[in-house]
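# Close look at the chain arrangement
These are the residues of each chain, in order.
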Amino acid sequence: MSASTRDSKSSNLAPKAMKRSQSLDGSYCRGSEKKRKNSFSHGEHIDCTVMKPSLLPLALPKGQSIKCDVCGIAAYFSCPKCRNSFYCSKEHMKRDMELIHPHVCKILTFIKSDVAHSNVKTEREKLKAERIAQYKRMVDISFRMAKRSIQYEKPNDAFIQISYCLRFAFKIYKPHDIGIIPLLLLVSKVYAADKKMPQALNFLAKADFVILQMRHCPPGIKADFFQTKGVIDVLAENYEDAIYSFSEEIFYATEAHNTEHQRTASGYYNLGSVFLKQGKEQIAFSLFMHFIEIMKTTLSKEFEEIIKQEMQELVVVQDSDARKSNMPEDELIDIRKRLNFIFNSISRIDPSVLVKINQIICICYTLSVFYYVVGDYKKSLKFVDRAYLSISSNSYIDSPKTTSATSTPQVSPTNVWVDRLKLLRKHAQRHLLRGVVREAT
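A brief look at the structure comes next. (Residues numbered from 1 in each chain as written. Predicted model: local features only at pLDDT ≥ 70, side-chain atom pairs only at ≥ 80, totals over all residues. Heavy atoms only, no water.)

### A word on the overall build of the protein chain
Each helix and strand counted, the protein chain has 17 helices and three strands in total. Scored against the burial criterion, the 441 residues of the protein chain give a buried share of 40%. Residue pairs in contact within the protein chain that sit at least 24 positions apart in sequence constitute 61% of those at least 6 positions apart. Accessible surface computed for the protein chain: about 25,700 Å², of which carbon and sulfur atoms make up 54%. (Helix = DSSP H or I, 4+ residues; strand = E, 2+ residues; numbered from the N terminus. Buried < 20%, exposed > 50% of the residue type's maximum accessible area, 1.4 Å probe, protein only. Contact = heavy atoms within 4.5 Å. Areas by Shrake-Rupley, 256 points an atom, 1.4 Å probe, with all protein chains shown as cover.)

Structural data, given as structure tokens:
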């Protein structure tokens, strides 16, 4: 073959090679411009030539697709660090980064990485245990964050967070394991909060099926199940079914703990809220006072422990607004919402009709102790003042009552509250003064 023939053939091949290279680097795309835009119809069009390094496009085989972690449609790029989270647009990637992804990116990186194999059985078991531990950590983080979003009434955020939980939970638990029940109940609550009742009832039925398959189901699990069922019944306005569900919650919570446990108090509050929706205020506030009495006992113990530690100088308070309670934060959120709801509900009615003055003082004292325990001393003093206002408007005589000259004086109920409120005000003012001095220095 002559040199001229070789040159002519190479010149004919050059444009094809150029087109192929241009297609690989993204600057040229086969087909019309309309076809290229339609390929990204579900998300924002991604131009690889101007793409920021924070986006990592997917290169999938023909016919294979991956779903977006936020909306569930086809994904076109992934997180550049872990490469285990997928998105259809930059907006959905940004939203995931704001909600949960920074907390789990390192775990996803470990899960995505290839684990070195070993010929030793003990080493293989160790590597497998490490991966299972990371799965459990992922499920725990996403479960707690989704639960927090439900408490703050953000079901759309909870959907994204619970998707991580569902993604890895079934790698740990079997479909009929007891550990899957809290997850199914939380997913049911998420759908119910978003007014998607068919899906909520579907996951509730799955949890019920798992419970029925167990020979001996713990009463605490049954209490959680009936609480979730009662919440769904209330949202569906099936108040009679909700009353039955919350009554079962109280029964199983008492069996799992005791009558004075805060888990049992939650059932009293839920049941009272149903009667309040039905317009039966007398029954509702009677149940609310059961809740208040249990929470007053629980929070008073926390308050006494904190005071004891402060008097012994075992705890140095660095910040006057720091949370000092040993109770889980999600429980504190629920307690705060419920106490304030009861206080606002009682404040809207005539106290002389349904609620005694002594009960209003008890509610104000409980709220004051709660805010002291969580470190909000200004609000603690606010409810101390509110309690004193109720005492001043009370018809009780603050002086001790005596029946005869030889009998011992009977302590007035108001005097008992005054002593408690004085102690609470003393320590709250001391913390506020300490904060003022710290700011001045």
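More follows now that the structure is in view.
### Re the environment of Glu305
Within the fold, Glu305 resides in helix α12 (residues 281–311). Among the residues examined, Glu305 registers a relative accessible area of 47% and is labelled partly exposed. Put simply, Glu305 and Val373 are 68 residues apart on the chain and 9.9 Å apart in space, counted from C-alpha to C-alpha.

### So, the nonpolar core
Judged by nonpolar contacts, the single largest core of 59 residues is most densely connected at Tyr87 and Ile181. Of all the elements, helix α7 (residues 180–193) adds the most residues to this core, at 10 residues. The contacts of Tyr87, once residues within four sequence positions are left out, are Cys68, Val70, Ala75, Tyr76, Phe77, Cys79, His92, Met93, Asp96, His101 and Tyr164. Of all hydrophobic cores here, the second largest spans 55 residues; its members include Leu271, Met295, Leu339 and Val369. (Core = buried A, V, L, I, M, F, W, Y, C linked by side-chain atoms within 4.5 Å.)

### Some thoughts on helix α9 (residues 219–235)
In this model α9 runs 24 Å from its N-terminal to its C-terminal C-alpha over 17 residues, within 8% of the 24 Å that 1.5 Å per residue would give. Turning to α9, its buried residues number three or more, namely Ile221, Ala223, Phe225, Phe226, Gln227, Thr228, Gly230, Ile232, Asp233 and Val234. Taken together, the buried residues of α9 touch α7, α8 (197–213), α10 (239–256), α11 (262–277) and α13 (329–347). In the segment just after α9, Glu237 is the residue with positive phi, at about 65°. (Expected span 1.5 Å × (residues − 1).)

### Structural notes on the packing of helix α5 (residues 121–151) against helix α6 (residues 155–169)
At their nearest, the axes of α5 and α6 sit 8 Å apart, and the two run at 160° to each other. The angle between the axes of α5 and α6 places the two elements in the roughly antiparallel class. Classified by chirality, the crossing of α6 by α5 is left-handed. For the pair α5 and α6, the contacting residues are Tyr135, Met138, Val139, Ser142, Phe143, Met145, Ala146, Ser149 and Ile150 in the first and Pro155, Asp157, Ala158, Gln161, Ile162, Tyr164, Cys165, Phe168 and Ala169 in the second. Classifying every residue of the contact of α5 with α6 by side-chain character gives 14 nonpolar, three polar and one charged. (Axes fitted to C-alpha atoms, helices over the stretch in contact; angles between N-to-C directions. Parallel < 35°, antiparallel > 145°, perpendicular 65-115°, else oblique. Left-handed = near helix turned anticlockwise from the far one by under 90°. Nonpolar A, V, L, I, M, F, W, Y, C, P; charged D, E, K, R; others polar.)

### Regarding the environment of Tyr365
In this fold, Tyr365 is placed in helix α15 (residues 357–374). For Tyr365, a relative accessible area of 7% gives the class buried. Residues Tyr365 and Trp417, spaced 52 residues apart in sequence, show a C-alpha to C-alpha distance of 8.2 Å. In this structure Tyr365 touches Lys296, Ser300, Trp417, Arg420, Leu421 and Leu424, once residues within four positions along its chain are discounted.

### Here we look at the packing of aromatic side chains
Geometry of an aromatic ring pair is reported as the spacing of the ring centres plus the angle between the planes. Overall, the coordinates contain 19 aromatic pairs when judged by the stated rule. Aromatic pair Tyr269 and Phe291: ring centres 5.6 Å apart, planes at 50°, arrangement tilted. Highlighted residues: Tyr269 in helix α11 and Phe291 in helix α12, separated in sequence by 22 residues. Overall, Tyr269 belongs to the buried group, its relative accessible area being 11%. Note on Phe343 and Phe383: the rings are 5.3 Å apart at their centroids and 85° apart in plane angle, and the pair reads as edge-to-face. Of this pair, Phe343 sits in helix α13 while Phe383 sits in helix α16 (residues 377–392); the two residues are 40 residues apart in sequence, bridging distant segments of the chain. The exposure classification of Phe343 matches that of Phe383, with both residues buried. Among the aromatic residues, ring-to-ring pairing joins Phe225, Phe226, Tyr244, Phe251 and Tyr252 into one connected group. The residue whose ring lies beneath Lys206 is Phe203, and the NZ or CZ to ring-centre distance is 4.8 Å. The ring of Phe383 is capped by Lys382, whose NZ or CZ atom sits 5.7 Å from the centre of that ring. (Phe/Tyr/Trp six-rings, centres within 6.5 Å; stacked < 30°, edge-to-face > 60°. Lys NZ or Arg CZ within 6 Å of the ring centre and 35° of its normal.)

### Quick look at unusual backbone geometry
Non-glycine residue Lys195 carries a positive phi angle of around 65°. A positive phi angle, close to 65°, is found at Glu237, a residue other than glycine. Inspection of the secondary structure assignment puts Glu237 in the loop between α9 and α10.

### A few points about the pattern of salt bridges
Tallied over the entire structure, the rule returns 10 salt bridges. In this structure, Asp233 engages Lys229 in a salt bridge whose closest nitrogen and oxygen atoms are separated by 3.2 Å. Of this pair, Asp233 and Lys229 are both found in helix α9, four residues apart, which corresponds to roughly one turn of the helix. Judged by relative accessible area, which is 8%, Asp233 ranks as buried. Close ionic contact of Asp385 with Arg425 constitutes a salt bridge, the shortest N to O distance being 2.3 Å. Separated by 40 residues along the polypeptide, Asp385 in helix α16 and Arg425 in helix α17 (residues 413–440) bring together distant segments of the chain. Relative accessible area serves as the criterion here: at 39%, Asp385 is assigned to the partly exposed category. (Salt bridge = Lys/Arg side-chain N within 4 Å of Asp/Glu carboxyl O.)

Distances and angles like these do not, on their own, reveal function.
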